[in-house]
Number of protein chains: 2
Amino acid sequence: MTTRTAAQRHAEARISHQARFSDCPTNRLLDRIGEKWVALIFKELAEGGPRRYGELADAIAGASQKMLTQTLRRLERDGLLSRTVTPAVPVRVDYALTPLGQSLVPVLLAVTRWAEQNIEQIDVAREAHDAQHH
Amino acid sequence: MTTRTAAQRHAEARISHQARFSDCPTNRLLDRIGEKWVALIFKELAEGGPRRYGELADAIAGASQKMLTQTLRRLERDGLLSRTVTPAVPVRVDYALTPLGQSLVPVLLAVTRWAEQNIEQIDVAREAHDAQHH
DNA sequence: CTGAATCCAAGCGGATACTG
DNA sequence: CAGTATCCGCTTGGATTCAG
């Protein structure tokens, strides 16, 4: 039977659009840089150059060890940063932005600039909105 | 007693950094525009001008009604878009970017441009990485 | 020092049903 | 038409413990 309810057709449409969502480069990128600690990691590596794992952990003390490692590994997998292991005792691991990662820095800076210049307007709008709807 | 274990001090440090994280304008903005449907909503409103709720729902068929409404309301609360109710039967609701929202469009475009130009390099890096670690 | 593995709570986000 | 309300599974992310 080709008979389907409106709900079924709508569900199917949603599925196919979900696929397109995951394929959309913009959404894929926003998923990455929107991750909780990515902005801070980029800030550290962009401003301070290569960093050891422990240095990053200190600089980004808000992140748990698990999240920091997970995030670093995902960024490495995407080719945005490099991970260099120096076999020694104890072991030494350095992270650095790749050229691809560096090319993303200006984009992040654009985001930062807009945020710093406009965050106050957002706060004002939020207070006004909250006041109106008591 | 001022005596605290290293673990306690570390936990306290993490708490205070968590607060700073939530205050950071960049992270606050990324939290917003990183939400699942924000990029598509902005794309629709930036390219097509004001849109009725139903038109947005059709254009962004991947989003459930609940998520679409939630996201629109949060963006409205932040002053990034406006919601205009026309009392009629049936009721008509239009959404549009505010000037503040429009000022964010170029930033989103920068993200989109980088994504489209570099997503392939990310895919390549990912395949290479996955291949190496079988 | 740099992680991996496990456990668990909180919340995001989808499905469904109902409403002015 | 444009939502609201409820239920619920799954993912996210922190705490803790163990390891090379």
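Model, not experiment: these values are computed from the prediction.

A word on the sheet that holds strand β2 (residues 81–86) of chain A. Strands belonging to one sheet form pairs held by backbone hydrogen bonds; the direction of such a pair is parallel or antiparallel. Residue and element names in this part refer to chain A. Within the open sheet, the three strands sit side by side as β1-β3-β2. Their pairing is antiparallel. If you trace the sheet from one side to the other, it starts and ends with β1 (51–52) and β2, each paired once. Those strands touched by helix α5 (residues 65–77) are β2 and β3 (92–97), and its axis lies near 110° from that of β2.

We now examine the interface of chain A and chain B. Taken together, the contact between chain A and chain B spans 44 residues of the former and 44 residues of the latter. When the two sides are added together, the surface that chain A and chain B hide from each other amounts to roughly 4,400 Å², 65% of it contributed by carbon and sulfur. Taking the shortest distance from any N to any O, the salt bridge between Asp130(B) and Arg77(A) comes out at 2.9 Å. Inspection of the chain A/chain B interface yields twelve residue pairs in polar contact (both at pLDDT 80 or more).

Moving on: the UniProt feature "domain: HTH hxlR-type" (unreviewed entry) in chain A. According to UniProt, the feature "domain: HTH hxlR-type" (unreviewed entry) maps to residues 24–123 of chain A in the numbering used here. The span residues 24–123 of chain A is 65% helix and 14% strand, and its two end C-alpha atoms sit 30 Å from each other.

This paragraph deals with the relation of the copies chain A and chain B. One copy of the chain maps onto the other through a rotation about an axis followed by a shift along the same axis. With an RMSD of 0.1 Å, chain A superimposes on chain B once it is rotated by 180° and translated 0.0 Å along the axis. Here the transformation between the copies is reduced to the relation of a two-fold axis. Looking at the rotation axis and the C-alpha trace of chain A, the residue lying nearest is Gly34(A), at 2.5 Å. Comparing interface residues between copies, 100% of those in chain A also lie at the interface in chain B; the contact surface is shared.

On to the nonpolar core, then. Within soluble globular proteins, side chains that are nonpolar generally end up buried alongside one another. By size, the foremost hydrophobic cluster in this structure holds 61 residues, and its most contacted members are Ile41(A), Phe42(A), Leu104(A), Ile41(B), Phe42(B) and Leu104(B). For this core, the leading source of residues is helix α6 (residues 99–132) of chain B, giving ten residues. Residues in contact with Leu104(B), not counting those within four places in the same chain, are Trp114(A), Leu29(B), Ile33(B), Phe42(B) and Leu80(B).

Once that is clear, we can look at helix α3 (residues 38–48) of chain A. Residues Val38(A), Ala39(A), Ile41(A), Phe42(A) and Leu45(A) constitute the buried set of α3(A). The buried residues of α3(A) occupy an angular sector of 160° when projected down its axis, which confines them to one face.

Our next topic: the pairing of β2(A). All names here are of chain A. For β2 and β3, the ladder comprises six bridges, and the chain directions are antiparallel. The residue bridging Thr 84 from the neighbouring strand is Asp 94, located in β3. Hairpin connection between β2 and β3: a loop of five residues separates the two successive antiparallel strands.

Criteria and cut-off values
- Residues numbered from 1 in each chain as written.
- Chains lettered and ligands numbered in written order.
- Predicted model: local features only at pLDDT ≥ 70, side-chain atom pairs only at ≥ 80, totals over all residues.
- Heavy atoms only, no water.
- Pairing = 2+ DSSP bridges.
- Helix = DSSP H or I, 4+ residues; strand = E, 2+ residues; numbered from the N terminus.
- Contact = heavy atoms within 4.5 Å.
- Axes fitted to C-alpha atoms, helices over the stretch in contact; angles between N-to-C directions.
- Buried area = accessible area lost by both parts, 1.4 Å probe.
- Salt bridge = Lys/Arg side-chain N within 4 Å of Asp/Glu carboxyl O.
- Polar contact = N/O pair within 3.5 Å; in protein donor to acceptor, adjacent residues only side chain to side chain.
- UniProt positions renumbered as here; feature names shortened; annotations may be inferred.
- Least-squares fit on C-alpha atoms with pLDDT ≥ 70 in both.
- Core = buried A, V, L, I, M, F, W, Y, C linked by side-chain atoms within 4.5 Å.
- Buried < 20%, exposed > 50% of the residue type's maximum accessible area, 1.4 Å probe, protein only.
- Arc of directions from axis to C-beta.

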